[in-house]
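# Summary of the model geometry
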Amino acid sequence: MSLDEQNIPSEAPHAAPMEGSTSPSDKVSAKESLEAVRHALKRRSIPCSSGVFPLGAEDLTLFYGKKNAGTTHRVDFDPATDKEIEALAKACEPASFGRNNEAILDETYRKAGKMDATDFCTKFDPVSCRLLDTLREALLEGHDADRSIRAELYKLNVYGPGSFFKPHKDTPRAGNMFATLVVVLPTPHKGGALAFRHGDSEYIFDSAAAIADASEPSIAFAAFYSDVEHEVTPVENGHRVTLTYNLYFGARPKVPFTVPMAGALETSLKASMSSLLSNATFLPRGGYIGFGLSHLYPVSEGYRPEELKDFLKGSDAVLLHVCDELSLDVNIKVAYKNGWEFKDAILCDFTLNSIDELYDGIQSLREELQRRGGKQLVSKPAIADSDEAAGSGDDEDSEEDCDFDFPPIFVRWVTPLVDPCETKDETMFVGNMGNEPGKEWMYSSMCLLVDVPKLSERLDPDAEAED
Ligand SMILES: O=C(O)CCC(=O)C(=O)O
Ligand SMILES: [Fe+2]
């Protein structure tokens, strides 16, 4: 089960499975099928897997010390003494955060100690203790479940009383970096919960309480897609010691190890999409439908959005898989927009970076996007109110009466484009805030553009287009 698949309510709007059907559905309206597709994809659950993992002190021994400092310290969590933890806290440096390329020290935003991975060594290994195996099922889709995940140790952090880290997304460092793992070591403390936000949902994981309540010695863990907004709430007492890992997609095995299983999301999405596509009132003459992806994805200058097909997360990966199963032609596009509205967006199959530095104002950006082949987006409702009543099901994608600077592309949106800067805390601009400076890779809002064939071809895929 993917992180996004958890908590899928069983009550979904009615959608008749139409797989294998050769006649148009007259029982379920296109609107109902569309609602069922939207319902399946709704960002209702937090893409996070968290809990406790039983582990003895012998697996947690920590050594630390600076190069050429002459001394190395050892901490055993059986349990560690206050003196040992205080010494560890003292050996840390103040943790900065990233705003674009800048490393910023600002204790009103992040108050914690950090130790770089070069200055410590831990016996804890998420691979050999099988924590990563436990997480794999939640992190990867059924069809990806035998894919390898590489865990790169990133930092050790110590949060003393009053320490916290305000909302941010974790800075992307590569196209295949997709998730973060936080491991909370068993030291007595209170507070320092991890709070996550995605879409309209919020989830709080009180790791301190989880460790205290565990029936056997345990660490606490939380693994989440790195573009999911998260924060560490203030530590009330004691010290919260964490190890963080960046998780990367490994290569897919050439021959699958296991027979892939469809999850609940895949099953309901495939049924509702099949139902929609076989409805005679839905786009009888064909056209593009767009799905704003639920997650943000790292892109860098010159990156081709199509490369992302290998790195989609959660429900986005399921959506692509379902489109493939339904033999639909799918492209990934990036949307560049003017201001905070997508109404003037330009859809591109190339990416730019450092926009503000490279282009002098929005007009020259538009010109550059046009020069590179970007298309002016004309958004349309997936089903116009009049469509089903009129029975025509598709209004003309007409250029008449419209004033286009350059070639338009007409898209009917099933799910909206996500604003990369959306945050619950409107006093902050989290779009460029990360846990590390860096602008080489930036999160971008992407969409799947699906080319829906005309009705006769949908119902009989073997029939050649006659006109
Ligand atoms: O320590 C934690 O729980 C999370 C820290 C974090 O969010 C980060 O390092 O980016
Ligand atoms: Fe973070």
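Cut-offs applied
Residues numbered from 1 in each chain as written. Chains lettered and ligands numbered in written order. Predicted model: local features only at pLDDT ≥ 70, side-chain atom pairs only at ≥ 80, totals over all residues. Heavy atoms only, no water. Helix = DSSP H or I, 4+ residues; strand = E, 2+ residues; numbered from the N terminus. Buried < 20%, exposed > 50% of the residue type's maximum accessible area, 1.4 Å probe, protein only. Contact = heavy atoms within 4.5 Å. Near = heavy atom within 4 Å. Polar contact = N/O pair within 3.5 Å; in protein donor to acceptor, adjacent residues only side chain to side chain. Areas by Shrake-Rupley, 256 points an atom, 1.4 Å probe, with all protein chains shown as cover. Salt bridge = Lys/Arg side-chain N within 4 Å of Asp/Glu carboxyl O. Donors = N, O, S within 2.8 Å, 3.2 Å for Na, K, Ca; no water. Core = buried A, V, L, I, M, F, W, Y, C linked by side-chain atoms within 4.5 Å. Domains from an automatic or database assignment. Expected span 1.5 Å × (residues − 1). Axes fitted to C-alpha atoms, helices over the stretch in contact; angles between N-to-C directions. Parallel < 35°, antiparallel > 145°, perpendicular 65-115°, else oblique. Left-handed = near helix turned anticlockwise from the far one by under 90°. Nonpolar A, V, L, I, M, F, W, Y, C, P; charged D, E, K, R; others polar. Pairing = 2+ DSSP bridges. pLDDT = per-residue confidence, 0-100. Phe/Tyr/Trp six-rings, centres within 6.5 Å; stacked < 30°, edge-to-face > 60°.

Before going further, it helps to spend a moment on the overall build of the protein. Assigned secondary structure in the protein consists of 10 helices and 28 strands. Burial analysis of the protein (467 residues in total) assigns 54% to the buried set. The contacts in the protein between residues at least 6 apart in sequence include a share of 81% that link residues at least 24 apart.

Attention shifts here to the site of ligand 1. Contacts to ligand 1 come from R110, Y159, F165, H168, D170, V182, L194, H230, V232, R240, T242 and N435. Y159 has a polar side-chain atom sitting 3.0 Å from an oxygen atom of ligand 1. The side chain of H168 places a nitrogen or oxygen atom 3.1 Å from an oxygen atom of ligand 1. Against a free-state accessible area of 290 Å², the protein chains account for coverage of 100% of ligand 1.

Our next topic: the pattern of salt bridges. All told, the structure shown has 22 salt bridges when counted by the stated rule. In this structure, R197 engages E231 in a salt bridge whose closest nitrogen and oxygen atoms are separated by 2.7 Å. One end of the pair, R197, is in strand 14 (residues 194-198); the other, E231, is in strand 17 (residues 229-232), with 34 residues separating them in the sequence. The same class applies to R197 as to E231, namely buried.

We now examine the coordination of the iron ion (ligand 2). Donor atoms from the polypeptide that coordinate the iron ion (ligand 2) comprise H168 (NE2), D170 (OD) and H230 (NE2), at 2.1 Å from the metal. Binding-site remark: the iron ion (ligand 2) is held by donors from one chain whose sequence spacing is H-x1-D-x59-H. Placement of the pair is H168 in strand 11 (residues 164-168) and H230 in strand 17, with a sequence separation of 62 residues.

The next point concerns the nonpolar core. In this structure, F124, L131, L139, L156 and F291 are the most contacted members of the largest nonpolar core, which totals 105 residues. The element best represented in this core is strand 16 (residues 218-225), accounting for 7 residues. Shared between two domains, this core takes at least three residues from each, and those domains are domain 1 (30-41 + 260-459) and domain 2 (48-249). In terms of nonpolar packing, the next biggest core, distinct from the first, is built from 10 residues, A345, L377, V411 and L417 among them.

The next thing to look at is helix 6 (residues 314-325). Spanning 12 residues, helix 6 covers 17 Å between terminal C-alpha atoms, matching the ideal 16 Å at 1.5 Å per step. Here helix 6 lies mainly inside the structure; 10 of its 12 residues are buried. Taken residue by residue, helix 6 has G314, S315, D316, A317, V318, L319, L320, H321, V322 and C323 as its buried positions. Backbone geometry just after helix 6 places S327 at a positive phi near 55°.

Moving on, we come to the environment of D144. Relative to the helices and strands, D144 resides in the loop between helix 3 (131-139) and strand 10 (149-159). Given the relative accessible area of 8%, D144 is considered buried. Counting along the chain gives 174 residues from D144 to V318, while the straight-line C-alpha distance between them is 10.0 Å.

Moving on to the packing of helix 1 (residues 30-41) against helix 5 (residues 264-277). Here helix 1 crosses helix 5 at 155°, and the two axes come no closer than 8 Å. If you check the angle between helix 1 and helix 5, you find them roughly antiparallel. Crossing of helix 1 over helix 5 shows left-handed handedness. Packed against helix 1, whose contacting residues are A30, S33, L34, A36, V37, A40 and L41, the element helix 5 presents L265, S268, L269, S272, M273, S275 and L276 at the interface. Classifying every residue of the contact of helix 1 with helix 5 by side-chain character gives 10 nonpolar, 4 polar and no charged.

For the rest of this paragraph, the subject is the sheet that holds strand 14. The strands making up a sheet associate through hydrogen bonds between their backbones, and the pairing can be parallel or antiparallel. On the basis of which strands lie adjacent, the open sheet formed by 5 strands has the order 7-11-17-14-15 and antiparallel pairing. Each of the sheet's edge strands pairs with one partner strand only, and the pair in question is strand 7 (110-111) and strand 15 (201-205).

This paragraph deals with the confidence of the model for the protein. Residues at a pLDDT of 70 or more form 78% of the protein, whose mean pLDDT is 82. The model gives residues 426-431 a pLDDT under 50, and that stretch makes 14 contacts with residues more than four places away or in other chains.

As a further point, take the packing of aromatic side chains. All chains considered together, the criterion is met by 8 aromatic pairs. Ring plane angle 65° and centroid distance 6.3 Å describe the contact between F124 and Y245, whose orientation is recorded as edge-to-face. On the criterion of sequence distance, the pair formed by F124 in the loop between strand 9 (120-122) and helix 3 and Y245 in strand 19 (residues 240-249) is long-range, its members being 121 residues apart. Both residues of the pair, F124 and Y245, count as buried. Seen in terms of ring centroids, Y303 and W441 are 5.4 Å apart; in terms of plane orientation they differ by 75°. Their pairing is edge-to-face. You can see Y303 sitting in the loop between strand 21 (297-299) and helix 6 and its partner W441 sitting in the loop between strand 26 (433-434) and strand 27 (442-444), a full 138 residues away along the chain. As far as burial versus exposure is concerned, Y303 and W441 are alike and both buried. Here the aromatic cluster, defined as three or more aromatic residues joined through ring pairs, consists of F178, Y225, F249 and F311.

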